[in-house]
Each structure stands twice: as C-alpha cells, then as structure tokens.
Amino acid sequence: MYNNFVNSKQAKQEIARLRKKINYHNYRYYVLDEPVISDLEYDKLYKKLEELEQRFPRLITPDSPTQRVGGEPLKEFKTIEHKIKMLSLDNTYSEDEVREFDSRVKKGLGKAVNYEVTLKVDGVAVALHYRGGKFVLGASRGDGVYGDDITQNLRTIKAIPLRLMTDDKELMNIEVRGEVFLPKKSFEKLNREREKKGEPIFANPRNAAAGTLKLLDSTEVARRGLDIFMHTVPEIPGPHYQSHYETLKKLRDSGFKVIPHIKLCSTIDEVLEYIKQWEEKREALEYEVDGLVIKVDAFRDRKALGFTIKSPRWAIAYKYPARQAITQLQDIQLQVGRTGRITPVAILDPVLLSGTTISRATLHNEDEIKRRDIKIGDYVIIEKGGEVIPKVVNVVKERRSGKERIFHFPKICPVCKEKIYRLPGEADWRCVNSSCPAQIKGAILHFASRQAMDIEGLGYVIVDKLVCMGLIKSFDDIYKLDGETLANIERMGKKSAQNLIDAINESKNNEFVKVLYALGIPNIGINASNLLVNAFGSVDKIIKANIEDLSQIQGIGNIVAQSIKNYFNTKKNIRLIENLKKIGLKFSAEKKIRKKTPLAGKTFVFTGELSSMSREEAQALVRTLGGHPSSSVSKKTDYVVVGGNPGSKYERAKKLGVKTLAEKEFLKLVKNI
Ligand SMILES: [Zn+2]
C-alpha cells in the first residue's frame, strides 16, 4: 500500500495521523456507541497503520492502538500502592438511612449541597493513571491500600483510551477510577463456552470479570469482552474543576467511557425519586446494576467532610434489596455436571420472581443442606441476584407442619447408577465413571485433546452429533467408528471422514502416559500421569496399588491417591480399560523410557524459540524422560534451555545462577539416552 520511497520522517507523520484517526473512531464506537465509519473502513485504517509500523518498527510506541494486546503472559502481578486509598463506600438498603446521610452532610457543611447520583454497576473497581496524557498504570483495588498492577489486562479494554483526546494541561496526569464489568451477553457467551469445554462456570458477571482480570495472559483477557465505566476522579485535577459532575463531563469529551445516566440532584427527595425510577428500569440494561451511588458533588465540600477510617463521609451506596420469593420445596434432585460434579437442586412449587417463573434453585452441596437444615416439604426463601440460577437462602421454619422429610444424600449417580464419591476436604460428590452419559461429551473431548490422545478432527460439533446419535457411549466406541457412518453424518465429507478415521487409528500408537491422562481420572493431570507411569509402569500395577503405595510417590498426595483408588474401584472403568486394551491402546510403558535418565527428577524451563521443535514438544520430551517442565524460573530450577530471542526468564536464570543450556546442548543431553 505504501511505496518504498516513504522515508522515516514521512512515515512518522503518517503514523501519527492514522493513530489519531483510529483513536477517534475507537471512541465513537466503544465509548459513544455512535460509529461514523463502517467496520470495513476502520479495518483498512488499522491495517495501514500495522503495515507502516511493521516497516518502521522503531516508531511503535505503547500508546499505539495496535499495541493493546501483547507481550508474554506474566508470571505474577506486581504490587502497587494506591497513593489515594481506594476506600469502599458505606452501604445501605434503607431510604431512612439515605435521609440520615443527607442530614449528616448538611450538618457537617452547614448548608445544602448538590448530589451526583450514578448507577452502581456490579463489577470490579480499578484505578487508571495517566502521565503526559498517556495511560501508564492500571491497578486493581486490592485491599484499598495495595493492589495489583494489571495494566497489561486493562489495555485490552478498548473503551480505555491509551492516549487522552485533549490538550487540557490539568488532565494530563490524572487518576481516574471506574468499574470493569462483563456485559450480560458476554457473560452468557463465556459461560456457554466454558460449559462446552467442561470448565466450571462463573456464578455471576462480577465473578467472571474479577476472574478475567486475574488472568496472567492478556490475550485471553482480550477475548472475553470486558468493558468499563469511569465514575470517580479521586482528587481535584486543577482549579478549573470545582464540580465532580462537570469533571466527568469533560472526561467523556476526552475519550473516557463515563458511566451513563448520571443525575445531579439538589434535594434528597429528588435522589430518592431517582432510586425508585431505576429499581425496575435497571433490568433492561445490558449490565448488572445493584444500586445507586450518591455523592456530594463539589470537590471542596468533599474535602471539608473528609473520611472515616473505612469510607468517605461524602458518599453512600444505596443497594436494591435482593429479589426474593417464598415457595414450597417439593423435592431435591441431583444434577450431574459435565465433569462429574454433583449438585443438589431444589424442585420448587413454581413461583414468580422478578418477571420469570422459577421452579428450580440450587442448593450448592450436601453440607449446605445440612447447615441450613433444609427438608423436603419446607417453605423456603429463594433469591435471585446476578446469578444464573436462583438459590435457596433460608427456610421458614415457622411454617413447618411436621410432615417435612429429611433428605438423605444418595450414594449413586442418578444418571449412570454407579457409586459416587466425596474426597476429604471437598464439598462436592462426584461421579467418576468415564462412561457416565452425563459426562460423556466432555470426557470424549478431553480424551481426544492434544495432550491426551491427540485425535485431530474430533471436536465439539462432531462429538455432540456422535453422542446424540448414540454412536458413542464410551471411549472404546470411538475405535468402532467406520468411514461410511462418519461420511453419512451431515456436513462431513468422505475425505474428512477418512482423515478422522486415520487420526483415530494413529492414536493407538500413543504412549501409556497419554492414554492414562486421557482417561480423565479426577485430579490426575499430565504431571501426575507421568509420576504414576514412572513409578508403576503399567495400569495393572496401578490398579493393584493400595493407598499407601500411591501416596508414597513424591508429588502424589493422599487425596490424589484416594481419587485414583475411587476411579479404579468403579467397575465400569475397569471394563472400559479391558476393552481399550483389546483395541490395542498401550497400558504399559516401554522399558527404555523407564530407565533412569539424566533428566530424571530435574526441572526444566524453556525460554525463547527453539529451532528444532516447538516448546510443547520439548516439554513433552522432558516429561517422557522423567523430568519436569515448568513455566517459571526459581532457585529450584535445574536447567533453563535458551532458544532464540529469550525472554526475561533468561535474565532471571543468570541472576539466580541457574544453569543454562543452549538448544544444541539440550539436544545432546536428550539424544544420548
Ligand atoms: Zn454417572
């Protein structure tokens, strides 16, 4: 697109022009939700900028819109100190207390004031710092005094300006606070994806947002679709800004996504009226709102009122009461999740709760039922917060008739009728049958995954179909599939059917350690699988081992040992293994691998790019030879293998005096075995 004669000076000008344009359109799209160009035109601008930056890499700066996602995953977050403490607000559910707050304010100041009233979004509080108009630091609230430096994750939120769109000197070095949240739609999408993958789902959008901000890999953060509303400027930015409300307005024009529906009220009656207005209206918003925040508007008045130890005297949060209803509990049933986790569910007399009819609610786990003394036939209070399904929060014991029945937690899986287990220290009962119909889809996906049997082409869509058509009921059925049946399945051509059959057959060559991991024994990851294979060598010996034998292995604790025992005590699993053996899967390790190698028991960390193999392959090789691959360098690391363009791990290894190996030396070490 750009001719070669563009020199670096011209490029610099053009880059500046493009960035300004892109930032403006970002703002129109992500902050104002009023785009003025098409996505296609936007992509063109973005590509142009990327291209130029690639040709002149020295001109790339962190505030470029192309630099939102990137960098290696972090090892941990740095701790930062909040110069101005991030205090929490006083909470109240009562109108009277809002009036009392107003009286205290008036008494303290000796006059009436304006209140700035904003929606209270149920999210995660963060602080953004700007220097010279550029976004330099983003931090979580933490304990209010110390938080985590989560800049890398916050940069991925497109509504956060990397560079301010203003020349106002008073705003150049500002701190702005806000609430990171996950819109309801993104939350549902994320949970659907997690359910498919057999991962635990998030209870509500706030937990999901908090969990996402804690991820060390910003690429994953960028995928999840976090958003932000700015609502607080903790310190007066300069003499031009006396009103917080006016300051926020100015911030909106400077590129920030300021929380919408702010209202300036001159009396407390007006405030209470606004609270009433939003009680129902908030349901229609695309994000969770659990109350309103009422703040004295003028910076000067805020300063005069000051703080208590815990919270500012010039603000209060009004929270809407949780939505509750009373109904009769007709039965308790068990639900089996995709990972075998068993949850007791209350079957309720249908009742209307904030617009929807509720007939089921979660009871969490066995202990929770005992702790709340919940009996079948009881009248119970159910509550709906931001949660996916409502929960039972209390029993109305006054309404007991004497006919209520104690619930005895069943000892078998309601779906496959196999025995269920609860490990010491765990709250949940679990079905550990690899062929349990409730879990089979997730189990097959795990079985076929790359670190396990590595069957390419056996993905979610096809597994879903095969299971629903009854063609796969357990792992051994995979090996009974034929090309013709597969080709007849909708949208699957002859060629891809044959490819899948080939991949399935090839998977029979996998080493025992992969097969063992593929079984999906609870608590047994790839590392524990390696430990077991090295210690026992065959599945028969693992089956015969008792708890003491198992827990004596370094790295296998008591609970893991118990988990292994439970798995092999399940008859269906033993039968499954016999069938898989007949098919030709490997259930013992070859001798040469079990021999003591120079890698045995040694910890390896890889940094930089290897030229002879991928990092995953190298890690797998280390594992096969009895070593432990790790992702971070510590004093306990034995070797750091250094490839091309090594990262910070190399520096750390040198600093700690850990032995480093060039790729060649590493290859020599593994080839001599
Ligand atoms: Zn089951």
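All residue numbers refer to position in the chain's written sequence, counted from 1. Under the rules for a predicted model, residues below a pLDDT of 70 receive no local features and side-chain atom pairs below 80 are neither given nor counted, while totals for whole chains, interfaces and linings still include all residues. With hydrogens and water set aside, each side-chain value is computed from the structure's full complement of heavy atoms.

1. Overview of the overall build of the protein
A helix here means a DSSP run of H or I that spans at least four residues, while a strand means a run of E at least two residues long, and both kinds are numbered starting from the N terminus. In terms of regular secondary structure, the protein is built from 26 helices and 22 strands. Counting only C-alpha atoms, the protein reaches 90 × 85 × 55 Å along its principal axes. For every residue, the accessible area (1.4 Å probe, protein chains only) is compared with the maximum for its type, and the residue is labelled buried under 20%, exposed over 50%, or partly exposed between those bounds. Looking at the protein residue by residue over its 673 residues, the buried ones come to 49%. Within the protein, contacts between residues separated by at least 24 positions form 68% of all contacts whose residues are at least 6 apart in sequence. Only the protein chains shown count as cover for residues, with accessible areas throughout obtained via the Shrake-Rupley method and a probe of 1.4 Å. Accessible surface computed for the protein: about 34,700 Å², of which carbon and sulfur atoms make up 49%. The contact criterion used throughout is that any non-hydrogen atoms of two residues lie within 4.5 Å.

2. Side note on the coordination of the zinc ion
Counted as coordinating are nitrogen, oxygen and sulfur atoms within 2.8 Å of the metal, or 3.2 Å for Na, K and Ca, while water is not included, which may make sites look incomplete. Within the protein, Cys413 (SG), Cys416 (SG), Cys431 (SG) and Cys436 (SG) serve as the donor atoms for the zinc ion, at 2.3 to 2.4 Å. Irregular is the default label, applied whenever a site is not tetrahedral (four donors, all angles between 85 and 135 degrees) and neither square planar nor octahedral (four or six donors, opposite donors over 155 degrees apart, all other angles between 65 and 115). Taken together, the 4 donor atoms surrounding the zinc ion define angles of 100 to 115 degrees at the centre, an arrangement classified as tetrahedral. When the donor residues of the zinc ion are listed from N- to C-terminus, their spacing reads C-x2-C-x14-C-x4-C. Of this pair, Cys416 sits in the loop between β16 (391-395) and β17 (420-421) while Cys431 sits in strand β18 (residues 429-431), placing them 15 residues apart in sequence. By relative accessible area, which is 8% here, Cys416 ends up buried.

3. Here we look at the side chain of Thr212
Secondary-structure assignment places Thr212 in helix α6 (residues 205-213). Discounting residues that sit within four places of it in the chain, Thr212 has contacts with Asn153, Val221, Arg224 and Leu226.

4. Comments concerning the packing of helix α1 (residues 8-31) against helix α2 (residues 39-55)
The convention used is that axes are lines fitted to C-alpha atoms, helices contributing only their stretch in contact, and that angles between N-to-C directions extend from 0 to 180 degrees. Running from amino to carboxyl end, α1 crosses α2 at an angle of 145 degrees, the nearest separation of the two axes being 10 Å. In the crossing of α1 with α2, the sense of the turn from one axis to the other is left-handed. Where α1 approaches α2, its residues Ala11, Glu14, Ile15, Leu18, Arg19, Lys21, Ile22, His25, Asn26 and Tyr29 are matched on the opposing element by Asp39, Tyr42, Leu45, Tyr46, Lys48, Leu49, Leu52 and Glu53. Taken together, the residues of the contact of α1 with α2 break down into 10 nonpolar, 2 polar and 6 charged. The hand of a helix crossing depends on one turn: near helix anticlockwise from the far one by less than a right angle means left-handed, and clockwise means right-handed. Note on residue classes: Ala, Val, Leu, Ile, Met, Phe, Trp, Tyr, Cys and Pro are nonpolar, Asp, Glu, Lys and Arg are charged, and everything else, Gly too, is polar.

5. Quick word on the sheet that holds strand β7 (residues 175-181)
Two strands make a pair as long as DSSP finds a minimum of two bridges between them. Spatially, β5-β4-β7-β8 is the arrangement adopted by the 4 strands of the open sheet, whose pairing is antiparallel. Of all the strands in the sheet, the pair left with one neighbour each is β5 (134-140) and β8 (227-232). On average, each strand axis in the sheet is tilted by 35 degrees relative to the strand beside it, whichever way the strands run. The pairing of strand β4 (residues 124-131) with β7 spans 6 bridges and is classified as antiparallel. In the sheet register, Val124 faces β7, and the bridge partner there is Val180. Contacts between α6 and the sheet are confined to β4 and β7, with β4 contributing the most and set at about 45 degrees to the helix.

6. Thoughts on a negative patch on the surface
A cluster of acidic residues, Asp454, Glu456, Asp502 and Glu506, forms a negative patch at the surface. In this structure Glu506 comes out as exposed when scored by relative accessible area, which is 55%. Two joining distances apply to patches: 9 Å for like charges and 5 Å for nonpolar side chains (Val, Leu, Ile, Met, Phe, Trp, Tyr), and every residue must have over 30% relative accessible area and no salt bridge. The working definition used for a salt bridge is a side-chain nitrogen of Lys or Arg within 4 Å of a carboxyl oxygen of Asp or Glu. In this tally, Lys and Arg are treated as positive and Asp and Glu as negative; His is ignored, and so are the chain termini. Just so you know, the charge point we use is NZ for Lys, CZ for Arg, CG for Asp and CD for Glu.

7. So, the pairing of strand β3 (residues 115-121)
Within a regular beta strand, the side chains point alternately toward one face of the sheet and then the other, so they alternate between its two faces. Counting buried residues in β3 gives 7 out of 7 residues, a clear majority hidden from the surface. Relative to strand β9 (residues 263-265), β3 is paired through 3 bridges, and the arrangement is antiparallel. Bridge pairing in β9 links Glu116 to Leu264. Here β3 pairs with strand β10 (residues 289-296) via 7 bridges, running antiparallel.

8. Focus on the packing of aromatic side chains
Both the distance between ring centres and the angle between the ring planes are used here to describe each pair of aromatic rings. Working definition: rings of Phe, Tyr and Trp (its six-membered ring) pair if their centres are within 6.5 Å, and the pair is stacked with planes under 30 degrees apart, edge-to-face with planes over 60 apart, and tilted otherwise. Throughout the structure, instances matching the rule amount to 20 aromatic pairs. Residues Tyr130 and Phe256 carry aromatic rings whose centres are separated by 5.3 Å and whose planes lie at 85 degrees to one another, so their mutual orientation is edge-to-face. Of this pair, Tyr130 sits in strand β4 while Phe256 sits in the loop between α8 (244-253) and β9, placing them 126 residues apart in sequence. Taken together, the ring pairs connect Phe604, Phe606, Tyr639 and Phe666 into an aromatic cluster. Think of it as a cone above the ring: NZ of Lys or CZ of Arg counts as a charge over the ring if it is within 6 Å of the ring centre and within 35 degrees of the ring normal. We note Lys281 situated over the ring of Trp278; from NZ or CZ to the ring centre the distance is 4.4 Å. Sitting over the ring of Tyr379, Arg399 keeps its end group 3.7 Å from the ring centre.

9. Comments concerning helix α21 (residues 558-569)
Counted at 1.5 Å a residue, the expected span for α21 with its 12 residues is 16 Å, and the 16 Å between its end C-alpha atoms agrees. Considered for burial, the residues of α21 that qualify are Val560, Ala561, Ser563, Ile564, Lys565, Asn566, Tyr567 and Phe568. Looking at the buried side of α21, the elements it contacts are β17, α18 (526-536), α19 (539-544), α20 (547-551) and α22 (571-583). Working rule for helices: expected span equals 1.5 Å times residues minus one.

10. Focus on the packing of α21 against α22
Running from N to C, α21 and α22 cross one another at 75 degrees; their axes reach a closest spacing of 5 Å. One element, α21, and the other, α22, form an angle in the roughly perpendicular class. Seen from α21, the contacting residues are Tyr567, Phe568 and Asn569; seen from α22, they are Lys571, Asn573, Ile574, Leu576 and Ile577. Per-class residue counts for the contact of α21 with α22 are 5 nonpolar, 2 polar and 1 charged. Throughout this description, any angle smaller than 35 degrees is read as roughly parallel, any larger than 145 degrees as roughly antiparallel, any in the 65 to 115 degree range as roughly perpendicular, and the remainder as oblique.

11. Thoughts on the nonpolar core
Residues belong to one nonpolar core when they are buried, are Ala, Val, Leu, Ile, Met, Phe, Trp, Tyr or Cys, and are joined through side-chain atoms within 4.5 Å. Core analysis: the biggest nonpolar cluster contains 69 residues, and Tyr115, Leu128, Leu154, Ile228, Leu251, Phe256 and Ile294 have the highest contact counts within it. No other element matches the 6 residues that helix α9 (residues 268-281) contributes to this core. Not counting chain neighbours up to four residues away, the residues in contact with Leu128 comprise Phe135, Leu137, Gly138, Leu154, Ile160, Ile174, Glu175, Val176, Ile228, Met230 and Phe256. Core analysis: the next-biggest nonpolar cluster, separate from the first, contains 62 residues, Leu458, Phe475, Ala497 and Ala528 among them.

12. So, the domain arrangement of the protein
Throughout, the edges of the domains are those of an automatic or database domain assignment. Structurally, the protein comprises domain 1 (8-67), domain 2 (91-319), domain 3 (323-399), domain 4 (440-592) and domain 5 (596-671). Each of domain 1 and domain 2 was reduced to a C-alpha centroid, and the two centroids are 28 Å apart. Each partner contributes residues to the interface: domain 1 has 10 residues there, and domain 2 has 12 residues. Interface of domain 1 and domain 2: buried area, both sides summed, is about 950 Å²; carbon and sulfur atoms make up 57% of it. As used here, buried area is the combined drop in accessible area, with a 1.4 Å probe, of two parts when they are placed together. The largest share of the area that domain 1 buries against domain 2 comes from Tyr27, Tyr30 and Asp63, three residues that together contribute 55% of it.

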